[in-house]
Amino acid sequence: MIVYDKKYDVIVVGAGHAGCEAALAAARMGQSTLMLTINLDAIALMSCNPAIGGLAKGHLVKEIDALGGEMGRNIDATGIQFRVLNTKKGPAVRASRAQADKQMYRLRMKHVMEQQDNLDLKQVEVTGLVIEDGAVIGVDTKGGVRFMGNTVVLTTGTFMRGLIHIGLIHYPGGRAGDLPSIGLSDGLKDYGFDVGRLKTGTPARLDGRTIDFDRLEKQYGDENPVPFSFSTERIEQSQVPCHIAYTNERSHEIIRSGLDRSPLYAGIIEGIGPRYCPSIEDKVVRFPDKDRHQTFIEPEGRETVEVYPSGMSTSLPIDIQWAFYRSIEGLERVEIMRPAYAIEYDYVNPIQLHASLETKLVRNLYHAGQINGTSGYEEAAAQGLMAGINAALRVQGREPLVLGRSEAYIGVMIDDLVTLGTKEPYRMFTSRAEYRLLLREDNADLRLREKGHEIGLVPEFLYNSFLAKKELIDTELARLSSERLAPSAAGEELLEEWGLVGMQNAISYEQLLRRPEFTCQDLSRIYPEIMELPEQVREQIEIQIKYQGYIQRQLEQVERSAKLETTKIPADMDYGSVSGLSTEVREKLVKFRPDTLGQASRIPGITPAGITILSIALKARYGR
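Residues numbered from 1 in each chain as written. Predicted model: local features only at pLDDT ≥ 70, side-chain atom pairs only at ≥ 80, totals over all residues. Heavy atoms only, no water.

K.L.:
An account of the nonpolar core is needed here, citing residue identities and associated values.
P.N.:
Across soluble globular proteins, nonpolar side chains have a tendency to be buried as a group. Counting residues in each nonpolar core, the largest one holds 76 residues, and the members touching the most others are Tyr105, Met113, Met386, Ile389 and Ile410. When residues of this core are assigned to their parent elements, the largest contribution, 11 residues, is made by helix α9 (residues 377-395). Every residue in contact with Met386, bar those within four places of it in the chain, is listed here: Leu67, Ser356, Leu357, Leu401, Leu403, Ile410 and Ile414. (Core = buried A, V, L, I, M, F, W, Y, C linked by side-chain atoms within 4.5 Å. Buried < 20%, exposed > 50% of the residue type's maximum accessible area, 1.4 Å probe, protein only. Helix = DSSP H or I, 4+ residues; strand = E, 2+ residues; numbered from the N terminus. Contact = heavy atoms within 4.5 Å.)

Here's what the structure looks like:
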């Protein structure tokens, strides 16, 4: 094995969405960083749907951006349709989503990485880790070169022992057109990691020239698209429509006729698939009474005829795929350009991670993305960002950055993974967050920008812009609280229109804005200067005033649980010596090895009585 003549602070294995964020974070924090990937032309490739964001996923992208990550800026520059979902619901569950030009997204991210200081990119397959005295010190590659590094971040995606299935035919692959990674997961098993098997799938890519779009329902983006990144002023590029189509009973009959050759139903696939993103054959079998299923026909880019039928992933044989897709109205003549397939891959149970995403078994080794059992570009990117940040902080000799459940969806996701583990692909939902009114898309910068600046990821000019916005919000909230509308100054017509007839005392502008249907636009009739404020500032003012009571209650809940969340449990805690714990509680604690009392309290089977006993023991032994 030839040892490369340069030692790195951080080595990132993999160049998907997790790998990109990890490598950029470490390099931007000043650490010499190396990214290794099987194919440099596949950096940030969208292997599945050509879109970023969605319910809860949009929250993750906003948080990535607030901390100094790249995903938000990348989709803002390469998106071809932008929409805000759930606009008729409360601000906590509104979510941004954008269609991407798949190739432009990849090429822009590749360009950003190639121009990044402190970052080297190399095309090579990693086959094993170099471990010494319980810590990783480098990686070995298929080309016979050993790269040495102080820390290593594994972001292997679906590549570890990847196996592609189309009907009863299967062959090795990290995704269609790419080789799998062989050897790395076997090495992880040898080190004691709990390696499991998961499955995911993707629809066929269809030739748009063979679709009759006039017979499909058009879906347009928002007239005034909202950017993902807090540093993007506006979306300049024109948008393109998607189209909606539906399966029918004939489609379902065709699917049922091929189930005997489905690897999913023939027992060939071992891995567990995503519960919340089932294949079309899963939908037909599990919901036999449903007479149709919706699909969005999404363009893969401006300069390609390929389209993506979302929600139509399958691993059925190719002849069934031909018949099934052609049974959909408007798609009777459709040609498949790339067949749908399922892929199985290895992952590592994330309960073997600390909340910093460093592994508990090997020091200085971090895992991020699908290796931790998650699904989705956004979930992967968020983990990659945190793993890259914490690898860099380790090299700098600083404490890791761990986000709490009350601080970010990123914190909720990582806590779920490292506390509970997963046996199926994990997907982020707003319902997973108990403090979701605090964790809105619109306030991600107010929650996290300062943290990003503290660790060196948010540059000074962006931070100063954020401080100016924050000061403007605070100043305006104070003004609205003090400025008042007197009955004598309002005029009878306005008082009647606003339902204030008979008002005896002056009412503050804040009280007016607290009314459900009252907006800054309404207030401008007596306070026109408010419309001169930036739209983001006006949005914050309205939300903070209207939901003040609910927000305050959630903040009080956070404060009550703060002691549990911050009380650390030593890594070498001897649970056998803690008297009073039941056998079940003791076994759970030994298996999961929680980092804090908060984590311990969320492990299934750990009782409140067990937490009390453990808390008393920690205080007696360590004064915590």
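K.L.:
Provide a residue-level description of helix α6 (residues 249-257), including the pertinent values.
P.N.:
Residues of α6 that are buried include every one of Ser251, His252, Ile254 and Ile255, and no others. Seen from one end, α6 has its buried residues packed into an arc of 160°, which puts them on one side. At its buried positions, α6 is contacted by α7 (280-286) and α8 (318-326). Between the side-chain oxygen of the N-cap and the backbone nitrogen of Arg250 there are 3.0 Å, and the N-cap of α6 in question is Asn248. (Arc of directions from axis to C-beta. Polar contact = N/O pair within 3.5 Å; in protein donor to acceptor, adjacent residues only side chain to side chain.)

K.L.:
Help me get a handle on the packing of aromatic side chains, residues and values and all.
P.N.:
In total, this model carries 6 aromatic pairs according to the counting rule given. Note that Lys62 overlies the ring of Phe230, its terminal NZ or CZ placed 5.3 Å from the centroid. Between Arg292 and the ring centre of Tyr246, over which it is positioned, the NZ or CZ distance is 3.6 Å. (Phe/Tyr/Trp six-rings, centres within 6.5 Å; stacked < 30°, edge-to-face > 60°. Lys NZ or Arg CZ within 6 Å of the ring centre and 35° of its normal.)

K.L.:
Residues and numbers for the sheet that holds strand β4 (residues 51-53), please.
P.N.:
By way of backbone hydrogen bonds, the strands of a sheet pair with one another, either parallel or antiparallel. Reading across from one edge, β4-β6-β5 is the order of the 3 strands in this open sheet, with antiparallel pairing throughout. Two strands close off the open sheet at either side, each with one partner strand: β4 and β5 (79-85). Here the strands of the sheet are splayed against their neighbours by 15° on average, with no regard to which way each runs. The sheet contact formed by β5 and strand β6 (residues 95-100) spans 6 bridges and is antiparallel. Directly across from Gln81, in β6, lies its bridge partner Gln99. (Pairing = 2+ DSSP bridges. Axes fitted to C-alpha atoms, helices over the stretch in contact; angles between N-to-C directions.)

K.L.:
Tell me about the environment of Tyr171, and name the residues and values.
P.N.:
Inspection of the secondary structure puts Tyr171 in strand β12 (residues 169-172). Note on Tyr171: relative accessible area 36%, which makes it partly exposed. Sequence-wise, Tyr171 and Tyr550 are 379 residues apart; in three dimensions their C-alpha atoms are separated by 53 Å. Other than its neighbours up to four places away in sequence, Tyr171 contacts Leu163, Ile164 and Ile166.

K.L.:
A description of helix α21 (residues 608-622) should follow, citing residues and the corresponding values.
P.N.:
With 15 residues, α21 extends 21 Å between its outermost C-alpha atoms, agreeing within 8% with the 21 Å of an ideal straight helix rising 1.5 Å per residue. Listed in full, the buried residues belonging to α21 are Gly610, Ile611, Leu614, Ala617 and Leu618. Summarising the axial view, the buried residues of α21 lie within an arc of 125°, below the 170-degree limit, and thus occupy one face. Exposed positions of α21 whose direction lies more than 90 degrees from the buried face are Pro608, Ile616, Lys619 and Ala620. Looking at the buried positions of α21, the neighbouring elements they touch are α18 (548-566), α19 (583-592) and α20 (597-601). (Expected span 1.5 Å × (residues − 1).)

K.L.:
Give a detailed account of the pairing of strand β18 (residues 306-309), specifying residues and quantitative values.
P.N.:
Burial along β18 is two-sided: the face carrying Glu306 and Tyr308 and the face carrying Val307 and Pro309 are both buried. Bridge count between strand β14 (residues 205-207) and β18: 2 bridges; the pairing is antiparallel. Pairing of Asp207 across the sheet is with Glu306, part of β18. Hairpin remark: strand β17 (residues 294-299) followed by β18, antiparallel, with 6 residues in the connecting loop.

K.L.:
Would you mind going over the packing of helix α2 (residues 57-67) against α9 in detail, with residue names and values included?
P.N.:
Taken N-terminus to C-terminus, the directions of α2 and α9 make an angle of 25°; their axes are 9 Å apart at the nearest point. Judged by the inter-axis angle, α2 sits roughly parallel to α9. Considering how the two elements wind past one another, α2 and α9 form a crossing that is left-handed. Contacts from Lys57, Leu60, Val61, Ile64 and Leu67 in α2 reach Glu378, Glu379, Ala381, Ala382, Leu385 and Met386 in α9. Looking at the contact of α2 with α9 residue by residue, the classes come out as 8 nonpolar, no polar and 3 charged. (Parallel < 35°, antiparallel > 145°, perpendicular 65-115°, else oblique. Left-handed = near helix turned anticlockwise from the far one by under 90°. Nonpolar A, V, L, I, M, F, W, Y, C, P; charged D, E, K, R; others polar.)

K.L.:
Let's hear about the layout of surface pockets: which residues, and what values?
P.N.:
The space that makes up the second largest pocket amounts to roughly 1,600 Å³. Residue lining of the second largest pocket: 45 residues in total, with Val226, Glu535, Gln536, Val537 and Glu539 positioned closest to the centre. At the level of elements, α11 (444-454), α12 (460-482), α16 (520-523) and α17 (535-546) are the ones that each hand at least two residues to the lining of the second largest pocket. Tallying contributions element by element places α17 first for the lining of the second largest pocket, with 9 residues. Considering only residue class, the lining of the second largest pocket consists of 17 nonpolar, 12 polar and 16 charged. (1 Å grid on protein atoms, 1.4 Å probe; cavity = no way out; pocket = protein on both sides within 12 Å on 5 of 7 lines; lining within 4 Å. Points joined across faces, edges and corners; volume = space filled by probe spheres on them.)

K.L.:
Residues and numbers for the packing of helix α3 (residues 71-78) against helix α4 (residues 102-114), please.
P.N.:
Following both chains from N to C, one finds α3 and α4 inclined at 130°, their axes separated by 9 Å at the closest point. With respect to α4, the element α3 is oriented oblique. Every pair of crossing elements has a handedness; the one defined by α3 and α4 is right-handed. Side by side, α3 and α4 meet where Met71, Arg73, Asn74, Ile75, Ala77 and Thr78 of the first sit next to Met104, Tyr105, Arg108 and Met109 of the second. Looking at the contact of α3 with α4, its residues break down into 6 nonpolar, 2 polar and 2 charged.

K.L.:
Kindly report on the pattern of salt bridges, identifying the contributing residues and their values.
P.N.:
Taken as a whole and judged by the stated rule, the model has 38 salt bridges. With a closest N to O distance of 3.2 Å, Arg97 and Glu298 form a salt bridge. Here the residue Arg97 occupies a position in strand β6, and Glu298 occupies one in strand β17, the gap between them amounting to 201 residues. Assessed through its relative accessible area of 22%, Arg97 is described here as partly exposed. Taking the relative accessible area as the measure of exposure, Glu298 reaches 2% and is therefore buried. Here Asp445 ties to Lys469 by a salt bridge, and the two come within 2.7 Å at their closest N and O atoms. (Salt bridge = Lys/Arg side-chain N within 4 Å of Asp/Glu carboxyl O.)

K.L.:
So what's going on with the environment of Lys62? Which residues, and what values?
P.N.:
Along the chain, Lys62 turns up in helix α2. Exposure remark for Lys62: the relative accessible area of 7% places this residue in the buried category. Considered as a pair, Lys62 and Gln504 are 442 residues apart in the sequence and their alpha carbons are 45 Å apart. Residues contacting Lys62, with those up to four places away along its chain left out, are Ser96, Val226, Pro227, Phe228, Phe230, Glu441 and Ala444.

K.L.:
I'd like a rundown of the pairing of strand β13 (residues 195-202), residues and numbers included.
P.N.:
With 7 of 8 residues buried, β13 is to be regarded as a mostly interior element. By the bridge criterion, 8 bridges tie β13 to strand β20 (residues 341-348) in an arrangement that is antiparallel. The residue bridging Val195 from the neighbouring strand is Val348, located in β20.

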